Amino acid sequence: MSEEEAQRYGGGTGGGGVGALSVDLLGQVLDRVLERRDRKACRLVSRAFARAEAAHRRALRVLRREPLPRLLRAFPALERLDLSACASLDDASLAAALAGADLGTVRQVCLARASGVGWRGLEALVAACPRLEAVDLSHCVGAGDREAAALAAASGLRELNLEKCLGVTDMGLAKVAVGCPRLENLSFKWCREISDIGVDLLVKKCRELRSLDISYLKVSNESLRSISTLEKLEELAMVACSCIDDEGLELLSRGSNSLQSVDVSRCDHVTSQGLASLIDGHSFLQKLYAADSLHEIGQDFLSKLVTLKATLTVLRLDGFEVSSSLLSAIGEGCSNLVEIGLSKCNGVTDEGISSLVACCSYLRTIDLTCCNLVTNNSLDSIADNCKMLECLRLESCSSINEKGLERIASCCPNLKEIDLTDCGVNDEALHHLAKCSELLILKLGLSSSISDKGLGFISSKCGKLVELDLYRCSSITDDGLAALANGCKKIKLLNLCYCNKITDSGLSHLGALEELTNLELRCLVRITGIGISSVVIGCKSLVELDLKRCYSVDDSGLWALARYALNLRQLTISYCQVTGLGLCHLLSSLRCLQDVKMVHLSWVSIEGFEMALRAACGRLKKLKILSGLKTVLSPDLLQLLQACGCRIRWVNKPLVYKDAI
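Conventions and cut-offs
- Sequence order as written defines residue numbering, which begins from 1 separately in each chain.
- Totals for whole chains, interfaces and linings use all residues, but because this is a predicted model, local features are given only for residues with pLDDT of at least 70 and pairs of side-chain atoms are given and counted only at 80 or more.
- Computation of side-chain values: all heavy atoms of the structure, hydrogens and water removed.
- Helix numbers and strand numbers start at the N terminus; a helix is a DSSP run of H or I with at least 4 residues, a strand a run of E with at least 2.
- Using C-alpha atoms as the atom set, the radius of gyration is obtained and then compared with a globule rule of 2.2 Å times the number of residues to the power 0.38.
- Classification of residues uses two cut-offs on accessible area relative to the type maximum, computed with a 1.4 Å probe and protein chains only: under 20% is buried, over 50% is exposed, and between them is partly exposed.
- Here, two residues are considered to be in contact whenever any of their heavy atoms come within 4.5 Å of each other.
- UniProt positions are given in the numbering used here, feature names are shortened, and annotations may be inferred rather than shown by experiment.
- Axis geometry follows a simple rule: fit a line to the C-alpha atoms, using only the stretch in contact for helices, then measure angles between N-to-C directions, giving values from 0 to 180 degrees.
- With respect to orientation, any angle under 35 degrees is reported as roughly parallel, any angle over 145 as roughly antiparallel, any angle of 65 to 115 as roughly perpendicular, and every other angle as oblique.
- The handedness criterion is simple: a crossing whose near helix is rotated anticlockwise from the far helix by less than a right angle is left-handed, and one whose near helix is rotated clockwise is right-handed.
- Nonpolar core, defined: a set of buried Ala, Val, Leu, Ile, Met, Phe, Trp, Tyr and Cys residues in which side-chain atoms within 4.5 Å join the residues together.
- At least two bridges found by DSSP between two strands is the condition for calling them paired.
- Seen with its strands pointing away from the viewer, a crossover is right-handed when the path leading from the first strand over the helix to the second is clockwise.
- What pLDDT expresses is the predictor's confidence in each residue, scored from 0 to 100.
- Two aromatic rings, drawn from Phe, Tyr or Trp (for Trp, its six-membered ring), form a pair once their centres lie within 6.5 Å of each other, and the interplanar angle then sorts them: stacked below 30 degrees, edge-to-face above 60, tilted otherwise.
- Any carboxyl oxygen of Asp or Glu that lies within 4 Å of a side-chain nitrogen of Lys or Arg is treated as forming a salt bridge with it.
- Each residue gets one label: Ala, Val, Leu, Ile, Met, Phe, Trp, Tyr, Cys and Pro are nonpolar, Asp, Glu, Lys and Arg are charged, and the others, such as Gly, are polar.
- Taken from the helix axis, the directions to the C-beta atoms give the arc we talk about.

A. Inspection of the overall build of the protein at higher detail. When helices and strands are counted, the protein shows 27 helices and 24 strands. Against the compact-globule benchmark of 26 Å for 661 residues, the protein has a radius of gyration of 27 Å, which places it among compact chains. Along the first, second and third principal axes, the C-alpha atoms of the protein reach 70 × 70 × 60 Å. For the protein, with 661 residues in total, the buried portion stands at 54%. Relative to all contacts within the protein whose residues are 6 or more apart in sequence, the contacts with residues 24 or more apart total 75%.

B. Broad picture of the UniProt feature "domain: F-box/LRR-repeat protein 15-like leucin rich repeat" (unreviewed entry) in the protein. Taking the UniProt record as the reference, the feature "domain: F-box/LRR-repeat protein 15-like leucin rich repeat" (unreviewed entry) is found at residues 74–220, 310–410 and 412–616. Taken end to end, residues 74–220 has its terminal C-alpha atoms 50 Å apart, with 31% of it in helix and 12% in strand. Here residues 412–616 runs as 37% helix and 12% strand, with 50 Å between its end C-alpha atoms.

C. Just the packing of helix H14 (residues 299–306) against helix H15 (residues 324–333), in detail. Axis separation between H14 and H15 bottoms out at 8 Å; the angle between their running directions is 25 degrees. Taken together, H14 and H15 sit at an angle that is classed as roughly parallel. Judged by the twist between their axes, the crossing of H14 over H15 is right-handed. Of the residues in H15, those in contact with Leu-302, Leu-305 and Val-306 of H14 are Leu-326, Ala-329, Ile-330 and Gly-333.

D. The arrangement of the environment of Leu-186 in detail. Inspection of the secondary structure assignment puts Leu-186 in strand S6 (residues 185–187). When the C-alpha atoms of Leu-186 and Asp-213 are compared, they prove to be 6.6 Å apart, with 27 residues separating the residues in sequence.

E. Spatial organisation of the nonpolar core. Residues Phe-188, Ile-227, Met-238, Leu-305, Leu-521 and Leu-561 are the most contacted members of the largest nonpolar core, which totals 205 residues. Top element by residues in this core is helix H7 (residues 119–128). It accounts for five residues.

F. The arrangement of the pairing of strand S24 (residues 647–651) in detail. Two strands pair when backbone bridges link them, and strand S23 (residues 622–626) and S24 are joined in this way by five bridges, in the parallel orientation. Bridging across to S24, Lys-622 finds its partner in Arg-647. The β-α-β motif built from S23, the intervening helix H27 (residues 635–643) and the parallel element S24 has right-handed crossover chirality.

G. Broad picture of the confidence of the model for the protein. Per-residue pLDDT for the protein has a mean of 91; in total, 91% of the residues score no lower than 70. The low-confidence segment residues 1–15 (pLDDT under 50) makes 23 contacts with residues lying over four places distant or belonging to another chain.

H. Broad picture of the packing of aromatic side chains. Under the definition given, this model contains two aromatic pairs. When the centroid spacing of 4.1 Å and the interplanar angle of 10 degrees are considered together, the rings of Trp-190 and Tyr-216 count as stacked. Taken together, the residues Trp-190 in the loop between S6 and helix H10 (196–205) and Tyr-216 in the loop between strand S7 (211–213) and helix H11 (221–227) connect sequence positions 26 residues apart. Residue Tyr-216 is classed as buried on the basis of its relative accessible area of 14%.

I. Local environment of unusual backbone geometry. Positioned with a positive phi, Arg-113 is a non-glycine residue whose angle comes to about 65 degrees. Residue position: Arg-113 is located in the loop between strand S3 (108–110) and H7. Of note in the backbone geometry, Arg-266 takes a positive phi value of approximately 60 degrees without being a glycine. Assignment of secondary structure puts Arg-266 in the loop between strand S9 (261–263) and helix H13 (272–281).

J. Layout of the pattern of salt bridges. In total, this model carries 25 salt bridges according to the counting rule given. Linking Arg-407 and Asp-384 is a salt bridge whose minimum nitrogen-to-oxygen distance equals 2.2 Å. With a gap of 23 residues between them, Arg-407 in helix H18 (residues 402–411) and Asp-384 in helix H17 (residues 376–385) connect regions that are remote in the sequence. With a relative accessible area of 29%, Arg-407 lands in the partly exposed category. Ionic pairing is found between Glu-515 and Lys-492, a salt bridge with its closest N-O pair at 3.2 Å. Linking Glu-515 in the loop between helix H22 (504–510) and strand S19 (518–520) with Lys-492 in the loop between helix H21 (478–487) and strand S18 (493–495), this pair joins segments that are 23 residues apart in sequence. Taking the relative accessible area as the measure of exposure, Glu-515 reaches 15% and is therefore buried.

K. Representation of the pairing of S23 in the model. With four of five residues buried, S23 lies mostly within the body of the structure. Where strand S22 (residues 595–597) lies against S23, three bridges are found, and the strand directions are parallel. Of the residues in S23, the one forming a bridge with Lys-597 is Lys-624. Note that the unit made of S22, helix H26 (residues 606–616) and S23 has a crossover that is right-handed.

L. Main features of the packing of helix H23 (residues 529–538) against helix H24 (residues 555–564). Two elements in contact, H23 and H24, have axes separated by 8 Å at closest approach and are oriented at 10 degrees. On the basis of their axis angle, the class for H23 and H24 is roughly parallel. Taken together, the residues of H24 that come into contact with H23 (itself represented by Gly-529, Ile-532, Ser-533, Val-536 and Ile-537) are Ser-556, Gly-557, Ala-560, Leu-561 and Tyr-564. Within the contact of H23 with H24, the residues separate by chemical class into six nonpolar, four polar and no charged.

M. A look at H10. Taken together, the buried positions of H10 are occupied by Gly-198, Val-199, Leu-202 and Val-203. Along the axis of H10, the buried residues cluster in a sector spanning 130 degrees; they form a single face. Across from the buried face of H10, at angles greater than 90 degrees, the exposed residues are Ile-197 and Lys-204.

N. Region of interest: the environment of Gly-248. Looking at where Gly-248 falls in the secondary structure, it is placed in helix H12 (residues 246–253). Residue Gly-248 is classed as buried on the basis of its relative accessible area, which comes to 0%. Gly-248 sits 26 residues away from Glu-222 along the chain, and the two C-alpha atoms are 7.3 Å apart. When neighbours within four sequence positions are excluded, Gly-248 is seen to be in contact with Asn-221 and Leu-224.

O. Structural context of the environment of Leu-510. Examined against the element boundaries, Leu-510 turns out to sit in helix H22. Discounting chain neighbours no more than four positions away, the residues touching Leu-510 are Leu-481, Leu-494, Leu-496, Leu-519, Val-535 and Cys-539.

And the structure:
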């Protein structure tokens, strides 16, 4: 841009153009610019916009630790800070970045999967953010009681996610409970060292709790006795709590009538009688999740369910044995349902679906996964009655075809998601679905009858599509990808695994998908490093890439990744024909890479693996590799990886080459 143009648009130091507007006004303009690319364009066109964003920006997501200190100082009004993707972040780098930064406005911090951060880093964070209200430490598997104690110093904390912080025990939970009495939302799902004692103390100290997740814990009915005393609790999740049974639900029913959402999925000892007692004590229940827990629904449960007619909006009964009469009763008794889950339910027929939807006209989400008795008649009934439908899951419903989908497309204009995996649909079905211009998610896996023609229909009308699954759609060729790249510019997730007709020419079109973050290319035997280069040069936002069994991908592909895929966090290169030199260059260059799967890299020597893994130490969080290397890699390397928080999955798989069939 010339100096004259910069002055015209307010980019210079003069008082005309955009530069004449106040920082506050320009900030309000930027708040209304939703696309990241457009915001960046504003900053490049005008330094006034750049200054306004610096003063007005509320959220920041950092991908690398090196620029973190500068970024924290550049945006003084931050409220939300996401460090979950910041590779190799540790206590020292976090403390150094926080030192001297003005973070008095920061209220939310996400450190999910930031396993390099320990109690020292968390202490520095809490000290630097006096108004901290929400922290996400989920999937930091090494976090324990010391980390919990560090967070307990944030007395104003209202939300805390400790999911899969495997080292947290009753002692750590007690620290949090005493230090953060104003907690409202808390999850310690998978923290299996927590017992009834910890839950009881939590309940006594944190009386403001509104949402609690104790899923996968070994707690007993005594925990539910304690939880029942929480007068403000609205959401309770206890998925796969195998020690909880009907007695516990009975205890829960005697407590406050505040519960609005309960999840007892996969609770093996819960029966319909226990659920009936739960409902009896909570007349304002809005969401009930009971997937894969009951074998049958008793009349007592059904009669109680009817009492929730005015409030119940979500009901998931996945894996149940149901009948047409049962679905009819649910429809009549719960006419305000917005979501119904019947995935893998035996006994679901057209008659049952017809009677259900005839009464539930507000349904927006219907899950019929693996209900293989339903036919086009069910789709006709859904189309006639559920005009507001947004999500329809029909995986493995092999008796439906293009005629039923035509009715859905014509009568449900707000459809945003449809799953047709393993339904045997064809191009004509896609021609009908193309009428759904609001479609965001389309899953077509295992549909060998779909060709480039059908993909062209979707590409021409469904420009808002963000996720497309074409797994084993073996008739798709390069021409189909050309149409897709031309019409669906907003795609973020794309699965092309086993689409074995695709070549480098097809991948060259994908470079136009600037918002693509997840790309699966497993077993595309005709692609090479040339095609990979075409993708990564254009797709700067790429985060996950699967190249397993892409046998013709060699070091040239890795060099392209190392140069252009700077945001890549997860990579699968198993069975690729790469060498130790290419692997070492890749792992030393990608600063954001955290998860690598590299099984059967036959051309990589022991020394090649050794150098490559040393180059990535401190950044890798997950590694999948052949178990045979466990005895030949140096012990100090393995200890170093473990000390840096890397979880190694050793696998023992024979070297078998597969065709893309």
